[in-house]
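Tertiary structure, described
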Amino acid sequence: MLIVNARLRGKNGVFSLRLHGERIAAIDAQGALLPAEPGQLNAEGNLVIAPFIEPHIHLDATLTAGEPGWNMSGTLFEGIELWGKRKATVTHEDTKRRARTTIDMLVAHGIQHVRSHVDVTDPSLLALKALLEVRDETRHLVDLQIVAFPQEGIESFENGRSLMEQAVELGVDVIGGIPHFENTREQGVSSIHFLMDLAERSGCLVDVHCDETDDPHSRFLEVLAEQARQRGMGARVTASHTTAMGSYDNAYCSKLFRLLKQSAINFVSCPTESIHLQGRFDTYPKRRGLTRVAELDRAGLNVCFAQDSIVDPWYPLGNGNILRILEAGLHICHMLGYEDLQRGLDLITDNSARTLNLGDGYGLEVGRPANLLILSAPNDYEMLRTQGHALVSIRHGKVLMERTPARVEVFG
Ligand code: 17E
Ligand code: FE2
């Protein structure tokens, strides 16, 4: 397959990309835009980029909003309570069907790599077993990492530790946690020690729901970062949400950031989810309830954006489009500066790939997998301004998704 008239991020000029089997065989400068020949894919001067990534979603809970009731307070805690009820009625088939439908939505928007948390605070581990099957059955669509996510706690849920260990036995890729939701601060701390031990023993990655609250006293991030630093595991560890950091004062943050840099852990922010779930106990002034995305980025730390939910007890909207999350996130995080707009797509591509430890399984380079997108604009700035789309998604060297853009005519 030959793709012609491609622009590449960070490079001047136009390029053609030759795919051979499941690999990128060549990337050549073209000189100028050329008429495409039959059989060639014409990028028409638009960006060709490695696939979009969804680094944090809950595929077990997706498409359940309103079952058995709607989240009326808009809080994380009512969401967890509602999910506790819905969880009692999940079946293997129901879980697989909703996850498959959601993966199709992600694929339709150019996503080919996904990390899904799956609630393992269920003695039957039913949803986990269903999602492990989905991981195998959707390899032609996405690379799916599964996180053992203890929604109701590792220490505060009965047999929580054992359920996490069973999840590892069953074959999860990543160890999760939820220290801010454990009953006591001590349990939060011990849960992190436990999950880091488990990750080190099993070779799994780590991705902890960490300090997802506006409570400025929720300080488990320092525990996670210090554990990662001591064990030399920073690149393999991710702190998701860390919304409390939006409420930490600057004096504490200036000390914290020193540790974060030493630990070199990764960060995921879910801007639409957090702007919706956080700030709920405020009147005015009302907090935005997001972590310090711009500040982490400026400090050289790795941070990326994620959807978190699609139509579930925590968030009623969502359609799989990660570009929508990027647009919201850049607004909410004060990241519409010129420099940010030049490299906005980093937050849903390269930074996310680093979080997921994709290594040389990702990126537009000769010899790497022939997984890529043709976008509808020539650069990051124009993709954002025009609310562009992924027009073509190629996976394993074959077209996986094609989108026909809307045609609009103005008369007069
Ligand atoms: N569970 C949780 O603890 N936090 C979230 N944002 C979601 C599920 C979606
Ligand atoms: Fe989450």
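All chains use their own residue numbering, which begins from 1 and follows the written sequence. Written order determines the labels here, with chains lettered from A and ligands numbered from 1. Given that this is a predicted model, residues contribute local features only at a pLDDT of at least 70 and side-chain atom pairs are listed and counted only at 80 or more, while totals for whole chains, interfaces and linings are drawn from all residues. Water and hydrogen atoms were dropped before computing side-chain values, which therefore reflect all heavy atoms in the structure.

**A short note on the packing of helix H5 (residues 185–202) against helix H6 (residues 220–231)**
- Fitting a line to C-alpha atoms yields each axis, with helices limited to the stretch in contact; the angle taken between N-to-C directions then spans 0 to 180 degrees. In this description a helix means any DSSP run of H or I spanning at least four residues, a strand means any run of E spanning at least two, and both kinds are numbered starting from the N terminus. Close contact between H5 and H6 brings their axes to 10 Å; oriented N to C, the two are set at 30°. It follows that H5 is roughly parallel to H6 by the angle criterion. Classified by chirality, the crossing of H6 by H5 is right-handed. Taking contact as the criterion, the partners of Arg185, Gly188, Val189, Ile192, His193, Met196, Asp197 and Glu200 in H5 are, on H6, Phe220, Val223, Leu224, Gln227, Ala228 and Arg231.
- Across the contact of H5 with H6, the residue classes break down as seven nonpolar, three polar and four charged. Each angle is binned into one of four classes, with values under 35 degrees roughly parallel, values over 145 roughly antiparallel, values of 65 to 115 roughly perpendicular, and all other values oblique. Left-handed describes a crossing whose near helix is turned anticlockwise from the far helix by less than a right angle; the clockwise case is right-handed. Any pair of residues with heavy atoms lying within 4.5 Å of one another is described as a contacting pair. Each residue receives one of three labels: charged for Asp, Glu, Lys and Arg, nonpolar for Ala, Val, Leu, Ile, Met, Phe, Trp, Tyr, Cys and Pro, and polar for the others, Gly being one of them.

**Focus on the coordination of the iron ion (ligand 2)**
- For Na, K and Ca the donor cut-off is 3.2 Å; for every other metal, N, O and S atoms count as donors within 2.8 Å. Water does not enter the count, which can leave sites looking incomplete. Every protein donor of the iron ion (ligand 2) is accounted for by His56 (NE2), His58 (NE2), His209 (NE2) and Asp308 (OD), and the metal-donor separations fall at 2.1 to 2.4 Å.
- Considering all four donor atoms around the iron ion (ligand 2), the spread of angles at the metal, 86 to 178°, places the coordination shape in the irregular class.
- If you list the donors of the iron ion (ligand 2) from N- to C-terminus, the spacing comes out as H-x1-H-x150-H-x98-D. Here histidine 209 lies in strand E10 (residues 205–210) and histidine 58 lies in the loop between strand E6 (52–57) and helix H1 (76–87), a separation of 151 residues in the sequence. The two residues histidine 58 and histidine 209 agree in class, both being buried. Angular criteria define each label, namely tetrahedral for four donors with all angles between 85 and 135 degrees, square planar for four and octahedral for six donors with opposite donors over 155 degrees apart and remaining angles between 65 and 115, and irregular for whatever fails these tests. Burial status follows relative accessibility: with a 1.4 Å probe on protein chains alone, a residue under 20% of its type maximum counts as buried, one over 50% as exposed, and anything between as partly exposed.

**Section: the packing of helix H2 (residues 92–107) against helix H3 (residues 126–137)**
- Here H2 crosses H3 at 45°, and the two axes come no closer than 9 Å. Considering the angle they form, H2 stands oblique to H3. Judged by the twist between their axes, the crossing of H2 over H3 is right-handed. Across from His92, Thr95, Lys96, Ala99, Arg100 and Ile103 in H2, the residues of H3 making contact are Leu126, Ala127, Lys129, Ala130, Leu131, Glu133, Val134 and Glu137.
- Grouping the constituent residues of the contact of H2 with H3 by class yields seven nonpolar, two polar and five charged.

**Some details on the packing of aromatic side chains**
- Here is the rule: rings of Phe, Tyr and Trp (six-membered ring for Trp) pair when centre to centre is within 6.5 Å. Planes less than 30 degrees apart are stacked, more than 60 are edge-to-face, and the remainder are tilted. In total, this model carries five aromatic pairs according to the counting rule given.
- Measuring from ring centre to ring centre gives 6.4 Å for tryptophan 83 and tryptophan 314, while their planes differ by 50°; the resulting arrangement is tilted. Of the two residues, tryptophan 83 is situated in helix H1 and tryptophan 314 in the loop between strand E13 (302–305) and helix H10 (322–332); the sequence distance between them amounts to 231 residues.
- When the ring of tyrosine 248 is compared with that of tyrosine 252, the centres are 5.0 Å apart and the planes differ by 80°; the resulting orientation is edge-to-face. Each member of the pair, tyrosine 248 as well as tyrosine 252, is classed as buried.
- Aromatic rings pair up to connect Phe77, Phe181 and Phe281 into one cluster.
- Directly above the ring of tyrosine 248 sits arginine 219, whose terminal nitrogen or CZ lies 5.8 Å from the centroid. Lysine and arginine charges are scored as sitting over a ring when NZ or CZ, respectively, is within 6 Å of the ring centre and within 35 degrees of the ring normal.

**Some details on the side chain of threonine 243**
- Within the secondary structure layout, threonine 243 lies in the loop between strand E11 (237–241) and helix H7 (250–263).
- Residue classification places threonine 243 among the buried residues on the basis of a relative accessible area of 0%.
- What qualifies as a polar contact is a pair of N or O atoms within 3.5 Å, subject to a donor-acceptor requirement within protein and to the restriction that residues adjacent in sequence count only when both atoms come from side chains. Within polar-contact distance, the side chain of threonine 243 engages the backbone nitrogen of threonine 213 at 2.8 Å.
- Dropping the residues within four chain positions of it, threonine 243 is found in contact with Cys210, Asp211, Glu212, Thr213, Ser274, Gln278, Gly289, Leu290 and Thr291.

**Overview of the sheet that holds strand E9 (residues 174–175)**
- Ordered in space as E6-E7-E8-E9-E10-E11-E12-E13, the eight strands form an open sheet in which the pairing is parallel. Each edge of the open sheet carries a strand with a single partner, namely E6 and E13.
- Here, any two strands with at least 2 DSSP bridges between them count as paired. Both strand E12 (residues 266–269) and E13 contribute to a ladder of four bridges, which runs parallel. Its bridge partner being in E13, phenylalanine 267 is matched across the sheet by valine 303.
- Sheet contacts for H2: E6, strand E7 (111–119) and strand E8 (143–149); angle to E7, the most-contacted strand, approximately 150°.
- Lying on the sheet, H6 is in contact with E10, E11 and E12; it crosses E11 at an angle near 165°.

Keep in mind these values describe shape, not function.
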